Amino acid sequence: MKLLVINGPNINMLGIREKNIYGDGSFEDLQHYILEVCKKHNVECELFQSNHEGEIVDKIQEAYSNVDAILINPAAYTHTSVAILDALSAVCIPCAEVHLSDIYIREEFRHHSYVSLVAKKTFCGMGFKGYKKAIEFLVDYCYNESIK
Ligand code: DQA
């Protein structure tokens, strides 16, 4: 199974940005963690991070016919980007949404997620563990789809 993991703006600042919200782990730590989980589940993983909406849209489009599943933490674009929602809808690749923090108990403007409209499942408020849960969910989801 091929998985594309997309992290949006400022996720590369983990370990520096608001540690009380996002924890002490660095972005490098997160990348290692994701790769370890993927290795355990025999998942081929591509990691992608961008601070630019259009680059994220391009990456999702490139995934068409090339990957089996997408895990995305769209970060601030979660709450604003119809373009990322449209790209995910266009490629029809099963997708799981992850947020390190619990967006539903934070400021009201974070309560709405465009990506949730297309995501098969959303994991939030679990820190790094949310990525593990999302990878395991997508592995199960793809397996069940393939034996249907
Ligand atoms: C985030 C939550 C977003 O509201 C925020 O803009 C982020 C990170 C999270 O992982 O908790 O940058 O997606």
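Enquirer: Just checking my understanding: could you explain the site of the ligand for this structure?
Expert: Every residue close to the ligand is listed here: Arg17, Tyr22, Asn73, Ala75, Ala76, His79, His99, Leu100, Ser101, Ile103, Arg106 and Arg110. Between Arg17 and the ligand, the recorded distance is 3.1 Å, taken from a side-chain N or O atom to an oxygen atom. At 2.9 Å, a side-chain N or O of Arg110 approaches an oxygen atom of the ligand. Isolated, the ligand exposes 320 Å² of accessible area, and the fraction of that covered by the protein chains is 98%. Split by residue class, the shell around the ligand holds 5 nonpolar, 4 polar and 3 charged.

Enquirer: Is there a simple way to explain the state of the cysteines in this structure?
Expert: Disulfides are covalent bonds that link the sulfur atoms of two cysteine residues. Using the criterion set out here, one finds 0 disulfides in the structure. Of all cysteine sulfurs, the one in Cys95 lies closest to Cys124, which takes part in no disulfide; the gap is 14 Å. Free cysteine Cys142: the closest other cysteine sulfur is in Cys95, separated by 11 Å. Under the relative-accessibility criterion, Cys142 is labelled buried at 16%.

Enquirer: Would you mind going over unusual backbone geometry with me for this structure?
Expert: For residues besides glycine, phi is generally negative; the peptide bonds are generally trans as well. Not every positive phi belongs to a glycine, and Asn10 is a case in point at roughly 75°. Its location among the elements puts Asn10 in the loop between strand S1 (2-7) and helix H1 (19-22). Phi is positive for Asn42, close to 60°, though the residue is something other than glycine. Within the fold, Asn42 resides in the loop between helix H2 (27-40) and strand S2 (44-49).

Calculation criteria
Residues numbered from 1 in each chain as written. Predicted model: local features only at pLDDT ≥ 70, side-chain atom pairs only at ≥ 80, totals over all residues. Heavy atoms only, no water. Near = heavy atom within 4 Å. Polar contact = N/O pair within 3.5 Å; in protein donor to acceptor, adjacent residues only side chain to side chain. Areas by Shrake-Rupley, 256 points an atom, 1.4 Å probe, with all protein chains shown as cover. Nonpolar A, V, L, I, M, F, W, Y, C, P; charged D, E, K, R; others polar. Disulfide = S-S within 2.5 Å. Buried < 20%, exposed > 50% of the residue type's maximum accessible area, 1.4 Å probe, protein only. Helix = DSSP H or I, 4+ residues; strand = E, 2+ residues; numbered from the N terminus.

Without other data, these values stay purely geometric and don't point to any function.
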